[in-house]
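# Structure at a glance
In case you want the letters, here they are:
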Amino acid sequence: MYHSHTHPANTAADSSIDGVTFMFDSLHEIAVAKFRERFGEAPAHVVRAPGRVNLLGEHVDYNDGFVLPIAIDRATWLAFSPSKTDQTTLTAADLIEEVSFHPETLSAKTDAEGKPLPAWAVYPAGVMWALKEAGLETPALKGLYTSDVPQGAGVSSSASVEMAFVLAWQTLGGWSLPPMERALLGQKAENKYVGVNSGIMDQFASACGEQDRLLYLDCRSLEWHTLPLPQEVAIIIADTKMRRTLTSGEYNKRRADCEEAVRILSGTLPGIQSLRDVPVKTFNQHAVRLPEQVEKRARHVVEEIERTQRAIPLLEQGDMAEFGNLLNQCHASLRDLYEVSIPELDVMVEIAQDLPGCYGARLTGAGFGGCTVNLVAREQATAFSSALALGYETETGFPPEIYICSASKGAELI
Ligand code: GLA
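All values reported here derive from a predicted model rather than from experimental measurement. Numbering of residues starts from 1 in every chain and runs along the sequence as written. Under the rules for a predicted model, residues below a pLDDT of 70 receive no local features and side-chain atom pairs below 80 are neither given nor counted, while totals for whole chains, interfaces and linings still include all residues. As a convention, hydrogens and water are excluded, and side-chain values are obtained from all of the structure's heavy atoms.

Below, the discussion takes up the site of the ligand. Taken together, R52, E58, H59, D61, Y62, S198, G199, M201, D202, Y251 and A366 are the residues near the ligand. The separation between an oxygen atom of the ligand and a polar side-chain atom of R52 is 3.1 Å. Here a polar contact is taken to be a pair of N or O atoms separated by no more than 3.5 Å, where protein atoms must pair a possible hydrogen donor with a possible acceptor and residues adjacent in sequence count only if both atoms sit in side chains. Contact distances for the ligand include 2.9 Å between an oxygen atom and a backbone N or O atom of G199. Charged residues are taken to be Asp, Glu, Lys and Arg, nonpolar residues to be Ala, Val, Leu, Ile, Met, Phe, Trp, Tyr, Cys and Pro, and polar residues to be all remaining types, Gly included. Here the shell around the ligand is composed, by residue class, of four nonpolar, three polar and four charged. Being near a molecule or strand, for a residue, means having at least one of its heavy atoms within 4 Å of it.

What follows is the structure, given as C-alpha cells:
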C-alpha cells in the first residue's frame with residue numbers, strides 16, 4: 001500500500017483513471033500510471049535518481065575538499081517516451097504543472113510559447129542545454145516525474161531531477177557516459193543555466209550512490225571510493241520543514257568569500273589554488289591578512305577539510321563516538337563561522353545531541369533551512385526519532401518530519 005515513506009509533498013497518491021480510483025505501492029507505479037493517464041499510453045522507460053544526505057564535508061566541495069555523502073532511499077522517478085514532434089513536454093506530477101520547450105528556445109529560457117520557464121522546469125531544460133553544449137544528442141521526449149525528495153531541504157532534490165533527466169536523454173540519445181561524467185553535466189546545468197555556483201557533491205552522490213555504502217569523494221581529483229556503513233548506527237534525517245529562501249544568493253556569496261580568501265592568501269602563499277592547499281596550521285599563521293568575514297568563512301573550510309580527513313581512520317576503526325564528535329563540531333562551525341544555520345536547525349541539533357544514543361547531529365546540505373543529519377545507535381533509533389519529534393514540536397510549535405534512511409543505489413534505468 002501507498003504510505004510507507006512517501007513525502008506529503010506528493011499530494012495525490014491515488015489517481016483516478018476512467019473514474020476508477022487506484023492506490024499505488026510506490027512512486028514507480030505512480031509515475032507509470034500518471035504518465036499513462038496524461039499521454040494515453042505506457043511510458044517506454046522509467047528512471048530513478050536519488051537525493052543525498054551528506055555526513056561530513058559541508059561547503060568544501062567547491063574548495064576542492066573531501067565529502068562523505070550517501071545517496072538516500074528517496075528519489076525522483078521519471079517516466080518517459082520519445083516524442084514524435086521536436087517538442088519536449090514535461091509534467092511535474094507533484095505540482096500538477098506542465099511545460100513544453102524546443103531546443104531553439106532553450107538559451108532564452110522560455111517555453112514553446114515564449115513565456116519564461118517555470119522555476120521547476122529550469123532544471124530539466126538546463127540539463128538539455130548542458131548536454132547539447134557537450135555535443136550529445138537530446139531527442140525530444142514526453143515525460144512525467146514525481147519525487148519524494150523534499151524540496152529546498154538540503155537533500156538535493158534538484159540534483160536528483162538533473163540526474164534523472166541526464167539518464168533519460170542518455171537512454172534516448174544513443175550515447176553512454178560513466179556516472180561521474182553525467183554528474184559533471186548536471187553540475188554544469190546548475191552552474192551555467194540555473195545560476196547556482198554549486199560544487200559537484202550532490203550530482204556525484206545521486207549518480208554514484210551505492211547501497212549500504214558511504215561515498216568518499218576527493219573533489220579535486222574526482223577520485224572516489226566507498227566505505228561500509230557501520231551496522232550499529234542509523235542515519236536519521238530530521239526535517240525542520242523550514243524552507244530556505246534566497247539561497248542561491250547567500251550560497252554564491254559564501255563561494256565568493258572563499259575565492260577572496262584564496263586571492264589574498266596567495267600573496268604570501270604563492271601557488272595555492274584553493275583552500276584545500278592551506279592546512280589549518282598554515283592558515284593560522286596567515287589569517288590576519290584576511291578581513292573578518294572572509295577569515296571566518298575560510299576558517300570553516302580549512303578546518304572542515306581537516307575533519308573529513310580525520311574521519312576516515314575513525315570510520316575504519318568503527319569509532320562512532322569520535323566520528324559523531326566531528327559532526328557536532330561541523331554544526332558549530334556552520335553556525336558560527338560559515339553562518340548558514342537558522343534557529344530551527346540549531347534547536348533540532350541541540351535536542352538531538354542530548355538524546356541517548358546520539359553520536360552526532362548537524363545541519364546537512366547548503367543550510368538556511370531544511371534538514372539535519374543524525375548518527376544514532378541503531379537500537380535507539382526509534383526512541384530517538386520520537387523524542388526528537390516531540391522535543392522539536394514542543395519548542396517550536398511545528399511538527400518535524402523524521403525518518404531513518406538507508407544508503408541507496410545511484411541513478412538507474414529501471
Ligand atoms: C549544496 C551544493 C553542494 C554543496 C552543498 C554544501 O548542496 O549543491 O555542491 O556545496 O550545498 O556542502
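Text resumes after the structure shown.
The next thing to look at is the pattern of salt bridges. A side chain with one charge may pair with a side chain of the opposite charge, provided their charged atoms come close. Here a salt bridge means any side-chain nitrogen of Lys or Arg lying within 4 Å of a carboxyl oxygen belonging to Asp or Glu. All told, the structure shown has 23 salt bridges when counted by the stated rule. K142 is the salt-bridge partner of E41, the closest N and O atoms lying 3.1 Å from each other. Residue E41 is located in the loop between α1 (27-39) and β3 (45-54), and its partner K142 is located in strand β8 (residues 141-147); the two are separated by 101 residues in the primary sequence. Under the relative-accessibility criterion, E41 is labelled partly exposed at 30%. The buried label applies to any residue whose accessible area, calculated with a 1.4 Å probe on protein chains only, is under 20% of its type's maximum; exposed applies above 50%, and partly exposed to all values in between. Since its relative accessible area comes to 15%, K142 is described here as buried. A salt bridge links R299 to E303, with the nearest nitrogen and oxygen atoms 3.3 Å apart. Of the two residues, R299 and E303 both sit in helix α8 (residues 292-317), four residues apart, roughly one turn of that helix. Residue classification places E303 among the partly exposed positions, given a relative accessible area of 23%. One network of salt bridges, with partners in common, ties together D257, K296, R297 and E339. Secondary structure elements are taken from DSSP: a helix is a run of H or I of four residues or more, a strand is a run of E of two residues or more, and numbering for both begins at the N terminus.

In this description, strands pair whenever DSSP reports at least two bridges between them. What the six strands build is an open sheet, ordered β7-β6-β8-β5-β3-β15; its pairing is mixed. Among the strands making up the open sheet, the edge pair consists of β7 (97-101) and β15 (412-413). In this structure, β3 lies alongside β15, joined through two bridges in antiparallel fashion. Directly across from V47, in β15, lies its bridge partner L413. Between two residues, a contact is recorded if the distance between any of their heavy atoms is within 4.5 Å. Angles shown run from 0 to 180 degrees and are taken between the N-to-C directions of axes, each axis being a line fitted to C-alpha atoms and, for helices, limited to the stretch in contact. Across the face of the sheet, α1 comes into contact with β3, β5 (69-82), β6 (88-92), β7 and β8 while running at roughly 140 degrees to β8.

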